[in-house]
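Single-letter residue listing:
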Amino acid sequence: MSLDMIAQKKSDLVRKSLDAAVFVAPYSAELPTALTDATGELQPLPEGYVDLGWLSQDSGASFSKETEISEVMALGSMTAIRQDVTSTNSSLTVVALETNKATLELYSGVDLEAVQGDAANGEVSFAEATRPALRYFRVLAVMQDGAPGEEIYMARLFTRASVSEVGEVAASGEDPVQYEITFTATPDNETGYAVKYFFGGPGWLSLLEEAGFSQGNGS
């Protein structure tokens, strides 16, 4: 028997992110319970979710997960005889290209809800806090793959996210002003989890079984 006879390689399950959007809402906003409706189309998001806009093509949205493990070594063993997960952290880094209220608020750490443009010329100004307080948000990143009418949506929801790091803003004649923002997820007090995954869309149902899932009976 050859490897080809027992291998289960499925090219239909190789996915890309042809488009993506990252939405941010206040921590007081409702959490979406489902990404799509009964037909597989995207559902409207709860009130308060704002799109950060255009993202960098090179590194628009990237996820990472770090896990720390404690090991127990024993005399006579060359490997650990016990391992325990001591911490796990999920993060999302976005590189936003738009200079808008949402990106400026996240990057600066300043609540801009009450900030308005000048009555005469529209100028906007605000000062960073000398001792900023940690703020929490809902963050939903939605990626899209598939041809029109066969879209596949892949999303991750950070139920309680804070801005843990921001990148440099460079003044360059070639590149646009970019806002690199990293969110770190922590468990929501009510749901008890930090990150939720969604997979759906008109093209997802036909791949459900191939991806290893069975469909519920609706009862």
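Peer 1: Help me out: how do you make sense of the pattern of salt bridges in this one?
Peer 2: Side chains that differ in charge, positive against negative, can pair when their charged atoms come close. Overall, the coordinates contain five salt bridges when judged by the stated rule. With a closest N to O distance of 4.0 Å, Glu 113 and Lys 101 form a salt bridge. With Glu 113 in the loop between helix H2 (101-108) and strand E5 (137-145) and Lys 101 in helix H2, this pair connects stretches of sequence that are 12 residues apart. On the accessibility criterion, Lys 101 (40% relative accessible area) is partly exposed.

Peer 1: Even after reading the chapter, I still don't get a nonpolar patch on the surface, so can you show me in this structure?
Peer 2: A cluster of nonpolar side chains, Met 1, Leu 3, Met 5 and Ile 6, forms an exposed patch at the surface whose accessible area comes to about 530 Å². Here Ile 6 is to be found in helix H1 (residues 3-6).

Peer 1: Honestly, H2 in this entry has me stumped. Any pointers?
Peer 2: In an α-helix there are 3.6 residues to a turn, and that puts residues three or four apart on one side. Of the positions making up H2, those classed as buried are Ala 102, Thr 103, Glu 105, Leu 106 and Ser 108. Immediately downstream of H2, the backbone of Gly 109 shows phi near 80°, a positive value.

Peer 1: Looking at this structure, I do not really get the environment of Gly 173. What am I missing?
Peer 2: The topology assignment puts Gly 173 in the loop between strand E6 (152-166) and strand E7 (179-185). According to the relative accessible area criterion, Gly 173 is exposed, its value standing at 85%. Taking the C-alpha atoms as reference points, Gly 173 and Thr 130, 43 residues apart in sequence, are found 31 Å from one another.

Peer 1: What's the story with the pairing of E5 in this structure? I'm lost.
Peer 2: Remember that side chains alternate between the two faces of the sheet whenever the strand is regular. Judged by how many residues are buried, E5 sits mostly within the fold: eight of nine residues are covered. As judged from the eight bridges shared by strand E1 (residues 19-26) and E5, these two strands associate in the antiparallel manner. Along E5, the bridge assignment pairs Val 24 with Val 139. As paired strands, E5 and E6 are joined by eight bridges and run antiparallel to one another. By the bridge assignment, Ala 141 is partnered in E6 with Arg 156. Counting the residues in the hairpin turn of E5 and E6 gives six residues, including Gly 146, whose phi is positive at 95°.

Analysis parameters
Residues numbered from 1 in each chain as written. Predicted model: local features only at pLDDT ≥ 70, side-chain atom pairs only at ≥ 80, totals over all residues. Heavy atoms only, no water. Salt bridge = Lys/Arg side-chain N within 4 Å of Asp/Glu carboxyl O. Helix = DSSP H or I, 4+ residues; strand = E, 2+ residues; numbered from the N terminus. Buried < 20%, exposed > 50% of the residue type's maximum accessible area, 1.4 Å probe, protein only. Patch = residues over 30% accessible without salt bridge, like charges linked within 9 Å, V, L, I, M, F, W, Y side chains within 5 Å. Areas by Shrake-Rupley, 256 points an atom, 1.4 Å probe, with all protein chains shown as cover. Pairing = 2+ DSSP bridges.

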